[in-house]
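The chain contents come next:
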Amino acid sequence: FGSSIFGTINRWIIRPLFNFLSTFIGSAGLVILALTVIVKLVLYPLTYKMLYSQSKMAALKPRIAAMGDKFKDDAQKKQMETMKLYQQYGVNPLGGCLPMVAQMPIWFALYRFFPASIEFRQADFLWATDLSSYDAFTYLPFEIPFYGAHVSLFTILWAVTTVIYTFYNSKHMDMSAQPAMKYMQYAMPVMFLFFFNNFAAGLTCYLFFSNVFNIPQTLIT
């Protein structure tokens, strides 16, 4: 696990929690599912604040658009008036980053956890035959540079659900000041397809489960 803070998280939190859940659940894949649920419940207060802030931004979107027309020749004035509006109604434009930032140490820890833990060697789940390695759902007749000669289905499912979640979230955001961000957020899951395709199925399975919870959690909240 290493000697970094992520190794400490794995050694004292993730692995003991995994071993505890394994005493009740026989499938390693279902333990990952249970781990996902626990992380989501722990982070839900932050997620609620994020969604509440996004809802306020969605409600203010027509007024922001009107200011864009009013100050179309003065970008600085428009930005100042927009920030005043956010301050008046208690909107934090960076509030959507909090759950992601809070989860990043867990993601980096799990990045080391799945390929390093002996418990996942040869542990199968659905089509994955080894959760410590990539899940080759099908093989290609050729090799793609930086991608490989196989297709990891968990990675594909993660990318698709990420795009769906991003599409729903972006509808509530004002990106007129940074239009390039609208396209960059869709490019990210495509770029990570190349990275995650060769990584441990346990991690991509966790990320997919996380998205599966994110979408209904956002809609219901």
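Just so you know, these numbers come straight off a predicted model, no measurement behind them.

Here we take up the overall build of the protein. Summing up its helical and strand segments, the protein has 7 helices and 2 strands in all. Starting at the N terminus and walking to the C terminus, you meet the elements of the protein as α-α-α-α-β-β-α-α-α. Buried residues in the protein amount to 40% of all 221 residues. Of the roughly 12700 Å² of accessible surface on the protein, 69% is carried by carbon and sulfur atoms.

Moving on, we come to the side chain of Thr218. Within the secondary structure, Thr218 is located in helix 7 (residues 201-220). Apart from the residues within four sequence positions on either side, Thr218 is in contact with Leu51, Tyr165, Tyr168 and Asn169.

We now examine the packing of helix 2 (residues 28-70) against helix 7. Two packed helices can be described by the angle between their axes and the distance between those axes. For the pair helix 2 and helix 7, interaxial distance at closest approach is 9 Å and the crossing angle is 40°. It follows that helix 2 is oblique to helix 7 by the angle criterion. For the pair helix 2 and helix 7, the sense of crossing is right-handed. Across the interface between the two elements, Gly29, Ile32, Leu33, Thr36, Val37, Val39, Lys40, Tyr44, Thr47 and Leu51 of helix 2 pack against Gly202, Cys205, Tyr206, Phe209, Ser210, Phe213, Asn214, Gln217 and Thr218 of helix 7. The residue inventory of the contact of helix 2 with helix 7, partitioned by class, reads 10 nonpolar, 8 polar and 1 charged.

Cut-offs applied
Residues numbered from 1 in each chain as written. Predicted model: local features only at pLDDT ≥ 70, side-chain atom pairs only at ≥ 80, totals over all residues. Heavy atoms only, no water. Helix = DSSP H or I, 4+ residues; strand = E, 2+ residues; numbered from the N terminus. Buried < 20%, exposed > 50% of the residue type's maximum accessible area, 1.4 Å probe, protein only. Areas by Shrake-Rupley, 256 points an atom, 1.4 Å probe, with all protein chains shown as cover. Contact = heavy atoms within 4.5 Å. Axes fitted to C-alpha atoms, helices over the stretch in contact; angles between N-to-C directions. Parallel < 35°, antiparallel > 145°, perpendicular 65-115°, else oblique. Left-handed = near helix turned anticlockwise from the far one by under 90°. Nonpolar A, V, L, I, M, F, W, Y, C, P; charged D, E, K, R; others polar.

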